[in-house]
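Observations on chain architecture
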Amino acid sequence: MRIDIITVLPELLKSPFEASILKRAIEANLVEVYFHNLRDYTSDNYKSIDDTQFGGGAGMVMMIEPIDKCISALKKQRHYDEVIYMTPDGETLKQGIANHLSLKENIIILCGHYKGVDQRVRDQFITKEISIGDYVLSGGELGAAVLCDAIIRLIPGVLGNETSALTDSFQDGLLAPPIYTKPREYKGWKVPELLFGGNFPKIEKWREEQAYLRTKERRPDLLDD
Ligand code: ADE
């Protein structure tokens, strides 16, 4: 898989890809991630990427030309399955979207800034708009990092244990059950006894019950879907 991220602040985005699982995935060539600085696609001396809004109103708007130049240059080189725009008014990111995108070959992610992009960018180039939640960030970069992490960890071979992404919270529509490791007892706080017996059908049933109870208590909305 290849991900091209278009941003005015590449330095804000890079560090999540330089550590841990994402770094290993890139080093193992399971995913390629490229950053494109929009200012490299400007045509004036000031390298402007934004301007004031037609019709008046506070806040700057990202101009179509540098974005068009960047996206067109990329599209000339390969086919893209999706061109995603990170924005608070997009579809809220859920596990299902990450699952779907992890199967794609090439995607572009455009990070918005200021008031956002000229509507014609959205109309002409964008195939999917994604929000990471109902709050406004100062730009799309942190959202893009969240989206990439959610996608990349699903690519086969990225997580050590192939099954572990499948047992995450949300993969079966439920939150994950409680988990424990050594020691069996710490400061008098004990691990549930049934986890030691080696009775795996019983353990599995307990985990399913716990996942259900936790979901019912914390996220009853998930049970309605
Ligand atoms: N840009 C600004 N806020 C955002 C959000 N909540 N999700 C994605 N991109 C954003």
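Residues numbered from 1 in each chain as written. Predicted model: local features only at pLDDT ≥ 70, side-chain atom pairs only at ≥ 80, totals over all residues. Heavy atoms only, no water.

What follows is about the pattern of salt bridges. Here the structure, examined in full by the defined rule, presents nine salt bridges. Residues glutamate 65 and lysine 69 are paired through a salt bridge, measuring 3.0 Å at the closest nitrogen-oxygen approach. Of this pair, glutamate 65 and lysine 69 both sit in helix α3 (residues 64–77), four residues apart, roughly one helical turn. A salt bridge links aspartate 89 to arginine 122; the nearest nitrogen and oxygen atoms lie 2.9 Å apart. Of this pair, aspartate 89 sits in strand β5 (residues 82–92) while arginine 122 sits in helix α5 (residues 119–124), and the two are 33 residues apart along the sequence. (Salt bridge = Lys/Arg side-chain N within 4 Å of Asp/Glu carboxyl O. Helix = DSSP H or I, 4+ residues; strand = E, 2+ residues; numbered from the N terminus.)

Here the focus is the nonpolar core. Of all hydrophobic cores here, the largest spans 26 residues; its most connected members are Ile3, Ile5, Ile109, Leu147 and Ile152. Here this core takes six residues from helix α6 (residues 141–152), the largest share from any one element. The contacts of leucine 147, once residues within four sequence positions are left out, are Ile84, Met86, Leu93, Leu101, Ile109 and Ile130. Counting 18 residues, the second largest nonpolar core, distinct from the first, contains Ile6, Ile49, Ile71 and Leu74. (Core = buried A, V, L, I, M, F, W, Y, C linked by side-chain atoms within 4.5 Å. Buried < 20%, exposed > 50% of the residue type's maximum accessible area, 1.4 Å probe, protein only. Contact = heavy atoms within 4.5 Å.)

This next bit is on the packing of aromatic side chains. How two aromatic rings sit relative to each other is given by the distance of their centres and the angle of their planes. Tallying each qualifying case throughout the model produces two aromatic pairs. Between tyrosine 186 and tryptophan 189 the ring centres are 6.0 Å apart and the planes differ by 50°, which places this aromatic pair in the tilted class. Overall, the relative accessible area of 47% leaves tyrosine 186 in the partly exposed class. Since its relative accessible area comes to 58%, tryptophan 189 is described here as exposed. Over the face of the ring belonging to phenylalanine 196 we find arginine 184, whose NZ or CZ atom lies 3.5 Å from the ring centre. (Phe/Tyr/Trp six-rings, centres within 6.5 Å; stacked < 30°, edge-to-face > 60°. Lys NZ or Arg CZ within 6 Å of the ring centre and 35° of its normal.)

Any functional reading would require information beyond the geometric quantities listed.
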